[in-house]
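Residue-level listing of the chains:
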Amino acid sequence: GESYDQAFVRESQEETGLDPHAIPHRLLSILTPHQHKTSAHMHVYALYWDGPIEYNKADFIDFQWITTKNLKKIIQSGIPAKSDLSIILNECFQDA
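Please read these numbers as outputs of a predicted model, since none were measured by experiment.

Regarding the packing of aromatic side chains
Okay, so step 1: Taken as a whole and assessed by the stated rule, the structure comprises three aromatic pairs.
Okay, so step 2: Summarising the aromatic geometry, the rings of Phe-8 and Tyr-45 are spaced 4.1 Å apart at their centres and angled 10 degrees between planes, so their arrangement reads as stacked. Here Phe-8, found in helix H1 (residues 4-16), pairs with Tyr-45, found in strand S2 (residues 42-47); they are 37 residues apart in sequence, far enough to count as distant.
Okay, so step 3: We classify Tyr-45 as buried; its relative accessible area is 17%.
Okay, so step 4: Feature note: the residues Tyr-55, Phe-63 and Trp-65 constitute an aromatic cluster, connected by ring pairs.
Okay, so step 5: Its end group placed over the ring of Tyr-55, Lys-57 keeps NZ or CZ at 4.6 Å from the ring centre.

As structure tokens, this is what we get:
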């Protein structure tokens, strides 16, 4: 099987065209259904990059940069989001 770290590298490359081996990144948190009420066991990572993104156009129509603070406001306004996104934001970006 694939480890969480291997999945992070693969998904980063597939979804954004970024190679985590070549840019700064870190594990932010490990979330579990029992402790955090998430839908699954999760490892949450951050990539630190301010250059262009080559997003996978077969999977996404568009993308945009958004601050965690603004993302929290968008979710709080009632715009639909994945159920775990609020949990991830609250656990990993408490200062936003």
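Observations regarding the side chain of Thr-38
Okay, so step 1: For Thr-38, the location among the structural elements is in the loop between helix H2 (33-36) and S2.
Okay, so step 2: Side-chain polar atoms of Thr-38 contact the backbone oxygen of Thr-32, separated by 3.4 Å.
Okay, so step 3: Apart from the residues within four sequence positions on either side, Thr-38 is in contact with Leu-31, Thr-32, Pro-33, Asp-84 and Ile-87.

Some points on the environment of Lys-69
Okay, so step 1: Mapped onto the elements of the fold, Lys-69 is located in helix H3 (residues 68-76).
Okay, so step 2: Owing to a relative accessible area of 49%, Lys-69 belongs among the partly exposed residues under this scheme.
Okay, so step 3: Between the C-alpha atom of Lys-69 and that of Gln-13, which follows or precedes it by 56 residues, the distance is 26 Å.

Side note on the nonpolar core
Okay, so step 1: By size, the foremost hydrophobic cluster in this structure holds seven residues: Leu-28, Leu-31, Met-42, Val-44, Ala-46, Ile-88 and Cys-92.
Okay, so step 2: For this core, the elements supplying multiple residues, two or more each, are strand S1 (25-31), S2 and helix H4 (85-92).
Okay, so step 3: With three residues, S2 is the largest single contributor of residues to this core.
Okay, so step 4: The contact partners of Ala-46, leaving out residues within four places of it in the chain, are Pro-24, His-25, Arg-26 and Leu-28.

Regarding the environment of Val-9
Okay, so step 1: In this fold, Val-9 is placed in helix H1.
Okay, so step 2: Owing to a relative accessible area of 16%, Val-9 belongs among the buried residues under this scheme.
Okay, so step 3: On a C-alpha basis, the gap between Val-9 and Ile-23 in space is 11 Å, while along the polypeptide they are 14 residues apart.
Okay, so step 4: Setting aside its immediate chain neighbours within four residues, Val-9 contacts Pro-20 and His-21.

What counts and how
- Residue positions are given per chain, counting from 1 as you read along its sequence in written order.
- The predicted origin of the model limits local features to residues at a pLDDT of at least 70 and limits the giving and counting of side-chain atom pairs to 80 or more, whereas totals for whole chains, interfaces and linings rest on all residues.
- Each side-chain value is derived from all of the structure's non-hydrogen atoms; neither hydrogens nor water enter the calculation.
- Pairs were defined over the aromatic rings of Phe, Tyr and Trp, the Trp ring being its six-membered one, requiring ring centres within 6.5 Å. Orientation was assigned from the angle between planes: stacked under 30 degrees, edge-to-face over 60, tilted for the rest.
- By definition, any uninterrupted DSSP run of H or I lasting at least four residues is a helix, any uninterrupted run of E lasting at least two residues is a strand, and each is numbered from the N terminus.
- A 1.4 Å probe rolled over the protein chains alone gives each residue an accessible area, and that area as a share of the maximum for its type sets the label: buried under 20%, exposed over 50%, partly exposed in between.
- By definition, being over a ring means that NZ of Lys or CZ of Arg is both within 6 Å of the ring centre and within 35 degrees of the ring normal.
- For this analysis, a polar contact is any N or O atom pair within 3.5 Å, provided that within protein one partner can donate a hydrogen and the other can accept it, and provided that sequence-adjacent residues contribute only side-chain to side-chain pairs.
- Any two residues whose heavy atoms approach within 4.5 Å at even a single point are treated as in contact.
- For the purposes of this section, nonpolar cores are sets of buried Ala, Val, Leu, Ile, Met, Phe, Trp, Tyr and Cys residues that join through side-chain atoms within 4.5 Å.

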